[in-house]
Amino acid sequence: MLHDLIARSRSCRRFDEAFAVERSTLEELVELARLSPSAANLQPLKYILSCDSETNAAIFPHLTWATYLRDWPGPAEGERPSAYIIILGDTKVSRNFGCDHGIAAQSILLGARERDLAGCMIGLVARDDLRETLSLPSRYEILLVLALGKPAEEIVIDPVGAEGNIKYWRDEQGVHHVPKRALSDLIVPTSL
Ligand SMILES: Cc1cc2nc3c(=O)[nH]c(=O)nc-3n(C[C@H](O)[C@H](O)[C@H](O)COP(=O)(O)O)c2cc1C
């Protein structure tokens, strides 16, 4: 079951924007992050929740979408995310966030997928501009933005071909293809 959930939890970048994601759903997802591991149990992450069209529209311009899809400028109006969770690092708790935000992000996205939602981690963020837009106090570092909504695209996993190309791509039908390396290519043999 976990295998299926992870396999279905692909990065989704086109949504049914008319579908509303409730704030209570975002809180449930942050609850999953709250229960996730944290280095030295410092728990330095904080979260901004957005599920109203005004705040969503303010966040959207600061995000970079699918850089491998050179001819695609990102989701058009009507297919943009219905919600965002912005993962912040609270520098009053720690200066080093390790990989806490990656773990939290995956917990949130798996929880979203379990609820028939989907999302995408966005690391390419115009951080200074987004900070200014949200009047975010300097104690918070913007670590990741999670875009969330009802998925409106088909995504399939392909094996990485012999040429080794790992770039995701979109076919003529609009299906998004994600090449994944074979398990046998990931496990490094050792000998004593
Ligand atoms: C740390 C991190 C940052 C990412 N940043 C972006 C981003 O800025 N924009 C984007 O469209 N996708 C972003 N992604 C999504 C990746 O492109 C995606 O994970 C990859 O293409 C594999 O697809 P999959 O998530 O469906 O397996 C990010 C993923 C991770 C883990």
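See the structure printed just above.
Keep in mind that this is a model prediction, so the values were computed, not measured. (Residues numbered from 1 in each chain as written. Predicted model: local features only at pLDDT ≥ 70, side-chain atom pairs only at ≥ 80, totals over all residues. Heavy atoms only, no water.)

(A) The site of the ligand, seen in detail. Around the ligand there are 14 residues in total, and Arg10, Ser11, Arg13, Ala66 and Lys180 lie nearest to it. Here an oxygen atom of the ligand and a side-chain polar atom of arginine 10 are 2.7 Å apart. At a separation of 2.9 Å, a nitrogen atom of the ligand approaches a polar backbone atom of glycine 123. Within the complex, 69% of the 620 Å² of free accessible area of the ligand lies under protein. Elements with a contribution of two residues or more to the shell around the ligand: strand E3 (118-122) and strand E7 (176-180). Here the shell around the ligand takes three residues from E3, the largest share from any one element. (Near = heavy atom within 4 Å. Polar contact = N/O pair within 3.5 Å; in protein donor to acceptor, adjacent residues only side chain to side chain. Areas by Shrake-Rupley, 256 points an atom, 1.4 Å probe, with all protein chains shown as cover. Helix = DSSP H or I, 4+ residues; strand = E, 2+ residues; numbered from the N terminus.)

(B) Seen up close, the pattern of salt bridges. Enumeration over the complete set of coordinates arrives at nine salt bridges. Lysine 150 is the salt-bridge partner of aspartate 16, the closest N and O atoms lying 3.8 Å from each other. Taken together, the residues span a long stretch of sequence, with aspartate 16 in the loop between helix H1 (2-8) and helix H2 (23-34) and lysine 150 in the loop between strand E4 (140-149) and strand E5 (155-159) at a distance of 134 residues. With a relative accessible area of 34%, lysine 150 lands in the partly exposed category. (Salt bridge = Lys/Arg side-chain N within 4 Å of Asp/Glu carboxyl O. Buried < 20%, exposed > 50% of the residue type's maximum accessible area, 1.4 Å probe, protein only.)

(C) How the structure looks around the packing of H2 against helix H4 (residues 100-114). One can describe the packing of H2 onto H4 by two numbers: an axis separation of 8 Å at closest approach and a directional angle of 140°. By the criterion of interaxial angle, the relationship of H2 to H4 is oblique. Here H2 and H4 pass one another in a crossing that is right-handed. Contact residues: H2 offers Leu29, Leu32 and Ala33, while H4 offers Ala104, Ser107, Ile108, Gly111 and Ala112. In terms of residue class, the contact of H2 with H4 is built from six nonpolar, two polar and no charged. (Axes fitted to C-alpha atoms, helices over the stretch in contact; angles between N-to-C directions. Parallel < 35°, antiparallel > 145°, perpendicular 65-115°, else oblique. Left-handed = near helix turned anticlockwise from the far one by under 90°. Contact = heavy atoms within 4.5 Å. Nonpolar A, V, L, I, M, F, W, Y, C, P; charged D, E, K, R; others polar.)

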